[in-house]
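# Examining the three-dimensional arrangement
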Amino acid sequence: MKAVRVLEYGGELVFDDVPAPAIARDEILVMIKSTAVNHLDLVKASGTVRQILPIDLPWIPGHEFSGVVEQIGSDVAGCAPGDAVFGASGMGGAYAEYLAIKPASVARKPPNLSFEEAASVPVAAQTAWQGLFTHGHLEKGQTILIHGGAGAVGAYAVQLASHAGATVIATASGDDERYLDSIGASRVIDYRVAQFEKVLREKVDLVFDLIGGDTQKRSFLVLKEGGHLVAATQPVSQEETAKRRVSGAMMRLAPSADVLGRIARLLEEGTIRPDVATVYALQAAAQAWKDIAGNLSPSGARRSHGKIVLGVA
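Overview of the structure. Predicted model only: the values in this text are computed from it and were never measured.

### Some words on helix H3 (residues 122-135)
- For H3, a buried count of eleven out of 14 residues is recorded, marking the element as mostly surrounded by other parts of the structure.
- Listed as buried for H3 are Pro 122, Val 123, Ala 124, Ala 125, Gln 126, Thr 127, Ala 128, Trp 129, Gln 130, Gly 131 and Leu 132.
- Where H3 terminates, the next one or two residues include His 137, which has phi positive at roughly 50 degrees.

Written out as structure tokens, the structure reads:
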């Protein structure tokens, strides 16, 4: 099969032929239709976090995908060859024509989504869901501040929080204000012209930090006592949380077919929507990586909304 691989840390992406994966009894083989480009792929491949997120070289990137079930293991129930699915792989592997994965990491693709749109969903939307509800315990009537609201994760967080009945405040570029208004933000603070802690008059119940650095430090100033700070990019100071009488933690995505199934229903209903910016061919993955790297802030947050995806088949 054709696949894109990283042969060494910091090396170039190589497009070549590799053996198709064999499935275990409890796995399915998915013929990949599309896969999304994530900052996590670039970070893992660079080797800068190899102590925390090691990869086995040579490595095939790709943490989220859509496709069609080609084959199922003898112990698999609940899906069949021909089913259109989408899902997330914690180990990568989706920059390829085929992927072996456990069915607990996939869900049925919403029929109203293209394969390109579906591939852009699993990592970003599940990260948003788990950040808000699993770790942040967001409830109806609460107020949430989302840093990086126009990014891939942030946009789903805005939509999901709004759907849950929360008041949503997002920091983003002023250029994205209209977009964020359209997906449920109650207020958008342009981080280029105002400091959020100086313009917010009331404190919030939850901060979902997708930026890190100084933004995270300043977030403690706007958090209610007993509130939550959930970070997706860096650890949260436990000394600061104790001093402020709040809780804080860095989350790591745990892919779940149940959560993805709930997200799929919201997508099918039109309650939330995906946002694909650009589609590249699989063999152009190296160019896609250059483009996404050029559209990142120093913290790793996307400067503009919309996901980059790769068409595989």
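### Let's talk about the packing of aromatic side chains
- Summed over all chains, the structure comprises two aromatic pairs.
- Measuring from centroid to centroid gives 6.3 Å for Tyr 95 and Trp 289, while their planes differ by 65 degrees, and the two rings are edge-to-face. Residue Tyr 95 is located in the loop between strand E5 (84-88) and strand E6 (98-101), and its partner Trp 289 is located in helix H10 (residues 285-294); the two are separated by 194 residues in the primary sequence.
- What makes Trp 289 buried here is its relative accessible area of 11%.
- Consider the rings of Trp 129 and Phe 133, whose centres lie 5.2 Å apart with planes at 70 degrees: the pair is edge-to-face. Of this pair, Trp 129 and Phe 133 are both found in helix H3, four residues apart, which corresponds to roughly one turn of the helix.
- The lysine or arginine in question, Lys 33, covers the ring of Phe 115, its NZ or CZ lying 5.9 Å from the ring centre.
- We note Lys 109 situated over the ring of Phe 115; from NZ or CZ to the ring centre the distance is 4.9 Å.

### Some details on the pairing of strand E10 (residues 187-190)
- With four bridges joining them, strand E9 (residues 167-172) and E10 adopt parallel strand pairing. By the bridge assignment for E10, Ala 172 is matched with Asp 190.
- Between the parallel pair E9 and E10, the chain is carried across by helix H5 (residues 177-182), and the sense of this crossover is right-handed.

### Here we look at the packing of H3 against helix H4 (residues 152-163)
- H4 packs onto H3 with a crossing angle of 50 degrees between their chain directions and a minimal axis gap of 8 Å. Here H3 is positioned oblique relative to H4, judged by the angle of their axes. Seen along the crossing, H3 lies across H4 with a hand that is right-handed. Residues Ala 124, Ala 125, Thr 127, Ala 128, Trp 129, Leu 132 and Phe 133 of H3 form the contact with H4, whose participating residues are Ala 152, Val 153, Tyr 156, Ala 157, Leu 160 and Ala 161.
- Tallied by class, residues from the contact of H3 with H4 come to twelve nonpolar, one polar and no charged.

### Looking at the environment of Thr 143
- You can see Thr 143 is positioned in strand E8 (residues 143-147).
- The exposure class assigned to Thr 143 is buried, which follows from its relative accessible area of 18%.
- Here the alpha-carbon distance between Thr 143 and Ser 186, two residues 43 residues apart in the chain, equals 9.9 Å.
- Residues within four places of Thr 143 in sequence aside, it is in contact with Thr 167, Ile 169, Val 204, Asp 205 and Leu 206.

Criteria and thresholds
Residues numbered from 1 in each chain as written. Predicted model: local features only at pLDDT ≥ 70, side-chain atom pairs only at ≥ 80, totals over all residues. Heavy atoms only, no water. Buried < 20%, exposed > 50% of the residue type's maximum accessible area, 1.4 Å probe, protein only. Helix = DSSP H or I, 4+ residues; strand = E, 2+ residues; numbered from the N terminus. Phe/Tyr/Trp six-rings, centres within 6.5 Å; stacked < 30°, edge-to-face > 60°. Lys NZ or Arg CZ within 6 Å of the ring centre and 35° of its normal. Pairing = 2+ DSSP bridges. Right-handed = clockwise from strand over helix to strand, strands pointing away. Axes fitted to C-alpha atoms, helices over the stretch in contact; angles between N-to-C directions. Parallel < 35°, antiparallel > 145°, perpendicular 65-115°, else oblique. Left-handed = near helix turned anticlockwise from the far one by under 90°. Contact = heavy atoms within 4.5 Å. Nonpolar A, V, L, I, M, F, W, Y, C, P; charged D, E, K, R; others polar.

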